[in-house]
Amino acid sequence: MSSASRFKMRIYSPQWGHKDLYQFKKTKEGWRFENYRFKGEVDKGGNPLFYKALLTESISYPNYLEIYISSAWENVNTLNKEQVQNIFDELSKWVSVSEHDLT
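Let me begin by describing the structure that accompanies this report. If you're wondering where the values come from, they're calculated on a predicted model, not measured in any experiment.

## Digging into a positive patch on the surface
Now for step 1: Residues K8, R10, K19 and K81 make up a contiguous surface patch of positive charge.
Now for step 2: Counting through the fold element by element, K81 comes out in helix α3 (residues 81-102).

In structure tokens, the structure reads:
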């Protein structure tokens, strides 16, 4: 599968009352991360910009999220695009549910 694929997370923002879009594109060292507020290189786990974006939006996230994003990075070249996107979809649900549980 092409590592040039872009993967999307849609995470509920209690601040705005809708889901915000977060995008990841695999690079040699990690991800190219982008959302409406931040854009740049992050490590395999999404540090630092992804978590900075979540904190800026007052979005709580589950422990170990970084490990799962790193795992998706490790699997980009062995799974097809749909399978990797499914991982990001499940992570999006996990973060959104965690956020709802804390409000």
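## Examining the sheet that holds strand β4 (residues 39-42)
Now for step 1: Strand order in this open sheet of four strands is β1-β2-β3-β4, and the pairing throughout is antiparallel. Every other strand in the sheet has two partners, leaving β1 (6-13) and β4 as the edge strands with one partner each. Within this sheet the neighbouring strands show an average axis-to-axis angle of 25°, counted without direction.
Now for step 2: In this structure, β1 lies alongside strand β2 (residues 18-26), joined through eight bridges in antiparallel fashion. Considered in β2, the bridge of M9 is made with Y22.
Now for step 3: Against the sheet, helix α1 (residues 49-56) contacts β1, β2, β3 (31-34) and β4, and its axis sits at roughly 130° relative to β4.

## Description of α1
Owing to its 3.6 residues per turn, the α-helix aligns residues three or four sequence positions apart on the same side.
Now for step 1: Buried within α1 we find L49, F50, Y51, A53 and L54.
Now for step 2: Against β1, β2, β3, β4 and α2 (65-75) lie the buried residues of α1.
Now for step 3: Once α1 finishes, S58 follows within two positions and takes phi at roughly 60°, a positive value.

Rules behind the numbers
- Sequence order sets the numbering: in each chain, residues are counted from 1 along the sequence as written.
- Given that this is a predicted model, residues contribute local features only at a pLDDT of at least 70 and side-chain atom pairs are listed and counted only at 80 or more, while totals for whole chains, interfaces and linings are drawn from all residues.
- Note that the side-chain values use all heavy atoms of the structure and ignore hydrogens as well as water.
- Only residues above 30% relative accessible area that lack a salt bridge enter a patch, with like-charged residues linked at up to 9 Å and the nonpolar side chains Val, Leu, Ile, Met, Phe, Trp and Tyr linked at up to 5 Å.
- Reported accessibility uses the Shrake-Rupley method at a 1.4 Å probe radius. Residues are deemed covered only where the shown protein chains occlude them.
- Between Lys or Arg on one side and Asp or Glu on the other, a salt bridge is scored when a side-chain nitrogen of the former is within 4 Å of a carboxyl oxygen of the latter.
- Positive charges are assigned to Lys and Arg, negative charges to Asp and Glu, while His and the chain termini are left out of the count.
- In plain terms, the charge of a residue is placed at NZ if it is Lys, CZ if Arg, CG if Asp and CD if Glu.
- For helices the rule is a DSSP run of H or I covering at least 4 residues; for strands it is a run of E covering at least 2, with both sets numbered from the N terminus onward.
- Note on pairing: two strands pair once DSSP finds at least 2 bridges between them.
- Only the contacting stretch of a helix is used when fitting its axis, a line to C-alpha atoms as for every element, and angles between N-to-C directions run 0 to 180 degrees.
- Only heavy atoms enter the contact rule, under which two residues are in contact if any of them lie within 4.5 Å.
- Exposure categories follow from relative accessible area, calculated using a 1.4 Å probe and restricted to protein chains: below 20% of the type maximum is buried, above 50% is exposed, and the middle band is partly exposed.

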